[in-house]
Amino acid sequence: MPYSPTDTPRIDPAAALIFIINAASGSSAGEAKRAVIEDALQAAGRQGELRFAKPDELDRVAQQAAADALARRSAVVAVGGDGTINAVAQAAHGAGCPMGVVPLGTFNYFARTHGISTEPAEAAQMLMQAQPVPVQVGTVNDHVFLVNASLGLYPDLLEDRETYKSRFGRSRWVALGAACMTLLRAHRQLRLQIDEGGVLREVRTPTLFVGNNRLQLEQVGLNLSDHPARALDDGRIAAVMLKPIGTLTMAWLMLRGAVGTLGEADSVESFAFQRMRVKPRLAYGRRTIKVAFDGEVTRMRTPLEFRVAARPLYLLKPAPASVVAAAQAAPA
């Protein structure tokens, strides 16, 4: 989707950048994050304001920071993993102010896609020369997602993974064990009515996955160069569904996804869209369903509407090397 560069907000370089830091990691981790940011600010001669927020305060703090950044012609910066980045993106997108990222997550698909370093110190340094650029985001019931949103098996997998990590610590082996336990547990098939551009169809699937990140989709084996979703990031997002399958087939598909050949499986359907309405068949009296977005899980009222947001997110992306070099060579 083309966005007009004339609509991109300008940043006053004299205004303080506002950094949102998730305070859940403890005091020592918080001080390490503070040091990384303050070193980058000092080296660039920039001003910054650090705001620490507990997980249950994150949305409120992010919304206030975005409003303050917009009023000051500055930007709000997320320092943390997927949950922190999503909360700040939701606030920045709603306010229309620029947003930066210092990623501290595991996979960092969003940062990597946009040329942002996954090393916090380097990302903070790059941020000082970055400029706001419009980037596409998806929404589910008007809630922003940067990388993906899903329902069915995937939210269950994320919840099980967090439970296991809280008991056994954070490691790839713990995450793998949690995934295996999720697959071995009996899982029900979703029955969905999908409305895509006025065309209705009924489907049964263990999971519906909607992706807005080319890097993640290509890593599991969906080659977008010859795929209907090849225009991803240019006005469409991609849906991936699994046909009704058993546990062993599901495990085999997960293995194929790990080695990057998921797109070759006959039991996988994928397509691109701009707007899609999904109505799950729920038990009598229920009105909500679990939805995962950017690694977070919540319950949302149905029906669910997935779409490409009409307005972009203004992301602080690293400036080209030539621009940075010219700025560094200019006399003070």
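These numbers come from a predicted model, not from an experiment.

### Topic: unusual backbone geometry
Moving on, step 1. For the bond from Thr-302 to Pro-303, the omega torsion is 0 degrees, close enough to zero to count as cis.
Moving on, step 2. Looking at where Pro-303 falls in the secondary structure, it is placed in the loop between β16 (296-301) and β17 (304-308).
Moving on, step 3. One non-glycine residue, Asn-141, adopts positive backbone phi at about 50 degrees.
Moving on, step 4. If you trace the backbone, Asn-141 turns up in the loop between β6 (138-140) and β7 (143-145).
Moving on, step 5. Backbone geometry places Asp-294, a non-glycine residue, at a positive phi of 50 degrees.
Moving on, step 6. Its location among the elements puts Asp-294 in the loop between β15 (288-293) and β16.
Moving on, step 7. Relative accessible area serves as the criterion here: at 6%, Asp-294 is assigned to the buried category.

### A word on the confidence of the model for the protein chain
Moving on, step 1. Averaged over every residue, the pLDDT of the protein chain is 81; the share at 70 or more is 72%.
Moving on, step 2. In this model residues 255-265 is a low-confidence stretch, pLDDT under 50, and it forms 21 contacts with partners more than four residues away in sequence or in other chains.
Moving on, step 3. Here residues 322-332 is modelled with pLDDT under 50, and outside its nearest four sequence neighbours on either side it reaches 3 contacts, counting other chains as well.

### Comments concerning the side chain of Asn-22
Moving on, step 1. Within the secondary structure, Asn-22 sits in strand β1 (residues 17-22).
Moving on, step 2. A distance of 3.3 Å separates the side chain of Asn-22 from the side chain of Thr-84, its partner in a polar contact.
Moving on, step 3. If near-sequence neighbours (up to four positions away) are discounted, Asn-22 is found in contact with Lys-33, Ala-53, Pro-55, Leu-58, Val-79 and Thr-84.

### Structural notes on the sheet that holds β17
Moving on, step 1. Taken in spatial order, the 6 strands of this open sheet run β7-β6-β17-β14-β9-β10, and their pairing is antiparallel. The open sheet terminates on both sides in strands that have one partner only, identified here as β7 and β10 (199-205). On average, adjacent strands in this sheet sit at an angle of 25 degrees to one another, irrespective of strand direction.
Moving on, step 2. As defined by bridge partners, strand β14 (residues 275-280) adjoins β17 across 4 bridges and the pair is classed as antiparallel. Along β17, the bridge assignment pairs Arg-275 with Arg-307.

Each value, and the rule that gives it
Residues numbered from 1 in each chain as written. Predicted model: local features only at pLDDT ≥ 70, side-chain atom pairs only at ≥ 80, totals over all residues. Heavy atoms only, no water. Helix = DSSP H or I, 4+ residues; strand = E, 2+ residues; numbered from the N terminus. Buried < 20%, exposed > 50% of the residue type's maximum accessible area, 1.4 Å probe, protein only. pLDDT = per-residue confidence, 0-100. Contact = heavy atoms within 4.5 Å. Polar contact = N/O pair within 3.5 Å; in protein donor to acceptor, adjacent residues only side chain to side chain. Pairing = 2+ DSSP bridges. Axes fitted to C-alpha atoms, helices over the stretch in contact; angles between N-to-C directions.

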